[in-house]
Amino acid sequence: MKVQVSFLPDNIIVEAEIGEPILEVAKRAGISIPTGCLMGYCHACEVELDEGESICACISAIPSGSKYVNINLYTDIGCLLYTSPSPRDVEECRMPSWA
């Protein structure tokens, strides 16, 4: 079954099959999700699904149960995951002065 996958915040939309690896779907959409260990331990590839659930893209697939899936490239470590920030995004991701 085909699922419409939207990669946020850029709203890049691509069709995918349920069970298809998220990294493959992202690559086909022209999106590079950073990876590290490719086993889910380092969380370098962490993304967020519709419900706010954080998952490791390297070990996750397109879930069943919906015709539409949003994958947010911003998570708790959002600025590290977003691959093409705009000047506004860069401004929002600056380290606090006390850090």
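Draft legend 1. Local environment of the sheet that holds strand E5 (residues 68-72). With respect to topology, 5 strands assemble into an open sheet ordered E2-E1-E5-E3-E4, the strand pairing being mixed. For this open sheet the edge positions go to strand E2 (12-17) and strand E4 (54-56), each flanked by a neighbour on one side alone. Neighbour-to-neighbour, the strand axes of the sheet open up by a mean angle of 35 degrees, direction not taken into account. Two elements, strand E1 (residues 2-8) and E2, share 6 bridges in a ladder whose sense is antiparallel.

Draft legend 2. Representation of the pattern of salt bridges within the structure. Enumeration over the complete set of coordinates arrives at 2 salt bridges. Put simply, Lys2 and Glu17 hold a salt bridge, and the shortest N to O gap is 3.4 Å. One end of the pair, Lys2, is in strand E1; the other, Glu17, is in strand E2, with 15 residues separating them in the sequence. Judged by relative accessible area, Lys2 falls into the partly exposed class, the value being 48%. Assessed through its relative accessible area of 32%, Glu17 is described here as partly exposed. Of the charged contacts in the structure, one is a salt bridge between Glu20 and Arg28, with a shortest N-O distance of 2.5 Å. The exposure class assigned to Glu20 is buried, which follows from its relative accessible area of 16%.

Draft legend 3. Region of interest: the nonpolar core. Counting residues in hydrophobic clusters, the biggest one holds 22 residues, and the most contacted among them are Val5, Phe7, Ile33, Ile62 and Ile71. Breaking this core down by element, the ones donating at least two residues are E1, E2, helix H1 (22-28), strand E3 (46-49), E4 and E5. When near neighbours in sequence (up to four residues on either side) are disregarded, Val5 contacts Ile12, Ile13, Val14, Ala16, Val25, Ile62, Val69 and Ile71.

Reading the values: the criteria
Residues numbered from 1 in each chain as written. Predicted model: local features only at pLDDT ≥ 70, side-chain atom pairs only at ≥ 80, totals over all residues. Heavy atoms only, no water. Pairing = 2+ DSSP bridges. Helix = DSSP H or I, 4+ residues; strand = E, 2+ residues; numbered from the N terminus. Axes fitted to C-alpha atoms, helices over the stretch in contact; angles between N-to-C directions. Salt bridge = Lys/Arg side-chain N within 4 Å of Asp/Glu carboxyl O. Buried < 20%, exposed > 50% of the residue type's maximum accessible area, 1.4 Å probe, protein only. Core = buried A, V, L, I, M, F, W, Y, C linked by side-chain atoms within 4.5 Å. Contact = heavy atoms within 4.5 Å.

Without other data, these values stay purely geometric and don't point to any function.
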